Amino acid sequence: NNNSNNNGDGAVPCRDPAICIPHHSAEVVQAAYADALQVMQPLASSVRNPCFRWEAHWCCLPYFYVLGVAKSGTTELHERLSMHREIVPPNRKEPHWFTRAELSNHKSFFWYLGRFDSQRVVEQDAITFEASASTFWDRGLKLNARNKDILPPEALRALTPKAKLVVLMRDPVERLWSDYTYFCTERDKCTDISADTFDLLVRENVRALRQCQLNATELECMYTAEGFPSLPRLRVSMYAPFLEVWFRYFVPEQMFLIRSELLRTNPRLVYTELFAFLGVRQPRAAEWRAILGDHKGANRNPVRKMQMREDTRAYLQELYRPYNQRLHGLLREHGYLLPHQASPTGSPSGDWDFDFLGRGRLSRRTARESSVGNS
C-alpha cells in the first residue's frame, strides 16, 4: 500500500505516489527498462564485470557505482580508483544517467553504455564503474505523465542486482558549505557569494522544509525540489532517510560506506579495505605511491578561504543532529562503525564524531524490509 508510508509518527499520509516506499513492484520497474534488459541477455560468464554482446560489440555496465555524496570526495575517489590496473575508469566520471540525464535529456541506454571502455574491460578481465554524485539522493526516471518516478535504487536493482555500491559521507555542515561555495563559483549559480547570503539561504531552506513537512511525508520532502532554493542543497546532507531507502533494495553487504574524513587521516586503510571489497588485488609499493600521491580533486573554488559564520554553523549542527543520530543507529545496526565505536548502545550526541568504514551486514530487520524492495 503506497499510502502506508509516513514521516515517523503516522500522522501524514503519503500524497505523492512517485516517492512512497514501498515503491513499484519489480515487474513495473523491469517493464520500464524492458528494452535494456532484453539486449543485456545473456550476460557473459567469462568476465567478472557485467558485460554482453550486441551486434558484434562488447557492452559493459558498471561492476560498482560510487553513489555520492556530492562534495564528499567523489572526485578524489574516482581519480585514485582509476589508477588501479584492474579498474577501467569511465570516459565521463558523472553520466547522471539514472537521474538528471534520463530526466532532462532522455539519453538512451546505448548512450549510457558508451560511457564505458567495454572492449578494454573484457580484454583485461577488469571491472568498470561510474561516480555520479546525484545517484544517492536524486529522483529518477519518469514513468508516466502522472509523475510516477522510478528511484535510482529501483533502477540499479533491476539492471545490475549484484552491483557493489560505494557511498562517501562527509560532515554534513562542511559538505553543505562546500556545496554552496563550489556551485556558486564553478557553476555561476549565485549573484552574491557571502557568509551572510549563505545564512539567509540556509534559513530559507529550513522554512521550506518545515512547510513541506506539514503536508507531506519525510521522503516526499527529501526527494522533491519544488519550493526549495536551488542552493544550498540542505537535504542532501540528511543522509539517513536516503540510506534507509537504499537498504530496501540492496543488502548492506553490497554497500561500502566511507566517512570522508578518513580519506585525509587514513587513506591507506580506506583503499586497502575498498580494494578488498571490490575483489581486486592489493597494489604493489610503486602503485600505492601513485594512488596515494597528489591528486587534482574538485576543490578549486576561489572563495574556499571564506569562512562560514559561527552562528550559522551552530544552527546547522542543531538541524543535522537528529539525522546524525539516526545515521549512527543505522551504522551500528549494520556493523559499519569501526571497532572502537561499535559497542555503545546509547545514542551519540549527534555531532559528526563517529568513524565508519567498510561493508555492512544484514540485520533481521533489513532482511525483512529488503524482501519488500526485491519482491
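The rules we used
- Residues numbered from 1 in each chain as written.
- Predicted model: local features only at pLDDT ≥ 70, side-chain atom pairs only at ≥ 80, totals over all residues.
- Heavy atoms only, no water.
- Core = buried A, V, L, I, M, F, W, Y, C linked by side-chain atoms within 4.5 Å.
- Buried < 20%, exposed > 50% of the residue type's maximum accessible area, 1.4 Å probe, protein only.
- Helix = DSSP H or I, 4+ residues; strand = E, 2+ residues; numbered from the N terminus.
- Contact = heavy atoms within 4.5 Å.
- Disulfide = S-S within 2.5 Å.
- Phe/Tyr/Trp six-rings, centres within 6.5 Å; stacked < 30°, edge-to-face > 60°.
- Lys NZ or Arg CZ within 6 Å of the ring centre and 35° of its normal.

Asks: Would you explain the nonpolar core in this entry?
Replies: One broad trend across soluble globular proteins is that nonpolar side chains are buried collectively. Formed by 81 residues in total, the largest nonpolar core has its most connected members in Phe136, Leu234, Met255 and Leu316. Sorting elements by how many residues they give to this core places helix H9 (residues 195–215) first, with 8 residues. Sequence-distant contacts of Phe136, defined by excluding residues within four places in its chain, comprise Leu67, Val69, Val167, Tyr239, Phe242, Leu243 and Trp246. Leu81, Leu262, Phe275 and Leu278 belong to the second largest nonpolar core, which has 26 residues in total.

Asks: Just checking my understanding: could you explain the state of the cysteines for this structure?
Replies: One way to say it: the disulfide is the covalent bond shared by the sulfur atoms of two cysteines. In the structure shown here, the tally under the stated rule is 2 disulfides. Residue Cys51 pairs covalently with Cys60 via a disulfide, S to S 2.0 Å. Note on the Cys51 and Cys60 pair: the S-S dihedral is about 105°, so by sign convention the disulfide is right-handed. Side by side, Cys51 and Cys60 carry an identical accessibility label, which is buried. A disulfide bridge connects Cys212 with Cys221, and the sulfur atoms are separated by 2.1 Å. Across the S-S bond of Cys212 and Cys221 the torsion is about -100°, and the bridge reads as left-handed. Overall, Cys212 belongs to the buried group, its relative accessible area being 16%. For the unlinked cysteine Cys59, the closest cysteine sulfur is that of Cys60, found at 7.5 Å.

Asks: Is there a simple way to explain the packing of aromatic side chains in this structure?
Replies: Aromatic ring pairs are described here by two measures, namely the spacing of the ring centres and the angle between the planes. For the structure on display, the rule yields 25 aromatic pairs. Geometrically, the ring pair formed by Trp352 and Phe356 is edge-to-face, given 5.8 Å between the ring centres and 90° between the ring planes. Among the aromatic residues, those joined into a cluster by ring pairs are Tyr33, Trp54, Tyr65, Trp97, Phe98, Phe109, Phe110, Tyr112 and Phe116. Positioned over the ring face of Phe277 is Lys164, at 5.1 Å from the centre of the ring.

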